[in-house]
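Remarks on the overall topology
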Amino acid sequence: MNYENCPSYYFQVKTAGWRGQFGMWTQTHAALVGHLPVPHTVARGVGRTWRLCRRGLITKTTDSFHPQATEVIDARAPLEFDNDHIPGALNFPVLTNEQRSQVGRTYNQDNFQARKVGAAMVTRNISDHIATYFVHKPAQYCPLIYCWRGGQRSHSLAVVLSQIGFEVLVLEGGYQTYRRTVIRDLHSLAPQFKYIVLTGLTGCGKTLLLHSLRQQGAQVLDLEGVAQHRGSLLGLWHQHTQPSQKLWESQLRHSLAAFDPALPVFMESESSRVGRVNVPPALFRAMQEADRVEVCLPLEQRVKHILQEYPHWTEDVSALRDILLPLRKVRGQAMLDAWFRLAEEEQWEEFVEQLLVQHYDLTYRVSQKKNDWSQRKRTVTLEDLSERSQLKFVESVIDMGKGQVCH
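Anyway, here's the lowdown on the structure attached to this text. (Residues numbered from 1 in each chain as written. Predicted model: local features only at pLDDT ≥ 70, side-chain atom pairs only at ≥ 80, totals over all residues. Heavy atoms only, no water.)

1. A look at the overall build of the protein
Helices and strands together make up the secondary structure of the protein, namely 16 helices and 17 strands. Per-residue burial over the protein gives 48% buried out of 407 residues. Expressed as a percentage of contacts within the protein between residues at least 6 apart in sequence, the contacts between residues at least 24 apart total 72%. When the accessible area of the protein is evaluated, it comes to approximately 20,700 Å², of which 52% is carbon and sulfur surface. (Helix = DSSP H or I, 4+ residues; strand = E, 2+ residues; numbered from the N terminus. Buried < 20%, exposed > 50% of the residue type's maximum accessible area, 1.4 Å probe, protein only. Contact = heavy atoms within 4.5 Å. Areas by Shrake-Rupley, 256 points an atom, 1.4 Å probe, with all protein chains shown as cover.)

What follows is the structure, encoded as structure tokens:
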């Protein structure tokens, strides 16, 4: 290969190649330790600096949202990715869950053997990713790659892609750098906005009204949508699992970062926990102090809306009983037995009405007294949740975001 007149980089080579976490690499896959021009004379020999022709460029960055990146690649195992990741990232693991576990077990017994085993796995996986995905990318493709702490997994993929000719960004510090960004931004972003919080008894359609506001162009932070939970005992979305606390916070940070501080943000009143996830403290404080709109809806309409929103509970009485059993401590066995009889007899309107009046309404009022610090409130009474009523609601509250005083 002719190295003369080529842009070049310093590569360091030890013994027959560079030993990384996953074993021996050839000098063309050696560790990039700088990118300053070197003399045209090529130093040859073990342990010396080699000059190689430039293919692509590897750049380290601490910006998890680097504007040059055309795509974000998470090189961690799928379990790590599922727990949390940069929004929009694609998972191309250099080690699968099982492989990562196997290499870890081997490393505890023989770290050199683990590196060899890991190197074989990593190269096969990277080869598969290139053949099935990266082969279709144009020359202008510039991925941002990260792993757990910006170590061997991200650099393994980055080196190979750079040798193809892509310019590659590597997140220095990996996921841990991104996680620190999320924590910092949640603390700083949350107080920047004017929030308008929808309150009202269970079943009054707060989530439905938020969606109507969003359809009319309003900024909406749907906490229950992000949490995949309605915040109540029966609130877990059917056939869904909640995100981890870290993934929930990532998604909240992503939503807040997209909002315009000059415009209001509408959200639904929640306690400090939505299912099993906690609302970040800075956001919860802002919610407590925000202007409020109380939605009032007749009880029979609330019952109708709940039966429409929770059809799966009427189809599985046994599961419904299991979910409600913890309420025995606060409502007593006699009240639960009365509810269960109504459910077994499929008297669903009466069942929902009693559940609302005897439990949910009481709990909601206590929660509002505890979490409502606002001095500015407005009440909007709706006859039903028809499209006409939803439009009426949107028109009646949208002016609150224009700086008008609540009455």
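2. Here's the deal with helix H8 (residues 245–258)
An ideal rise of 1.5 Å per residue puts 20 Å on 14 residues; H8 measures up with 20 Å between its terminal C-alpha atoms. Listed as buried for H8 are Leu-247, Trp-248, Glu-249, Ser-250, Leu-252, Arg-253 and Leu-256. (Expected span 1.5 Å × (residues − 1).)

3. Regarding the packing of aromatic side chains
This structure, assessed with the given rule, holds 11 aromatic pairs. Centroid distance Tyr-133 to Phe-134: 5.2 Å. Interplanar angle 85 degrees. Geometry classified as edge-to-face. Measuring from centroid to centroid gives 6.1 Å for Phe-134 and Tyr-141, while their planes differ by 50 degrees, and the two rings are tilted. Across the pair, Tyr-141 and Phe-134 agree in class, each one buried. Joined through ring pairs, the aromatic side chains of Phe-92, Tyr-133, Phe-134, Tyr-141 and Phe-166 make up one cluster. The side chain of Arg-76 reaches across the aromatic face of Tyr-175, ending 4.7 Å from its centre. Geometry around Phe-340 places Arg-321 over its ring, the cationic atom sitting 4.2 Å from the centre. (Phe/Tyr/Trp six-rings, centres within 6.5 Å; stacked < 30°, edge-to-face > 60°. Lys NZ or Arg CZ within 6 Å of the ring centre and 35° of its normal.)

4. Considerations on the sheet that holds strand E8 (residues 90–91)
Read from one edge to the other, the open sheet built from five strands follows the order E6-E10-E9-E7-E8, with strand pairing classed as parallel. Lying at the two open borders of the sheet, with one neighbouring strand each, are strand E6 (58–61) and E8. Relative to strand E9 (residues 143–146), strand E7 (residues 71–74) is paired through four bridges, and the arrangement is parallel. Its bridge partner being in E9, Val-72 is matched across the sheet by Leu-144. (Pairing = 2+ DSSP bridges.)

5. Notes on the nonpolar core
Counting 37 residues, the largest nonpolar core has Tyr-195, Leu-221, Trp-248 and Leu-283 as its most contacted members. Going through the elements one at a time, E9, strand E10 (168–171), helix H5 (174–189), strand E11 (195–199), helix H7 (223–227), H8, strand E13 (265–268) and helix H9 (281–289) are the ones with two or more residues in this core. Ignoring anything within four residues of it in the chain, the contact list for Tyr-195 reads Leu-189, Ala-190, Leu-256, Val-265, Met-267, Leu-283, Ala-286, Ala-290 and Asp-291. The next biggest cluster of nonpolar side chains, apart from the first, holds 24 residues, and it includes Phe-92, Val-94, Met-121 and Val-160. (Core = buried A, V, L, I, M, F, W, Y, C linked by side-chain atoms within 4.5 Å.)

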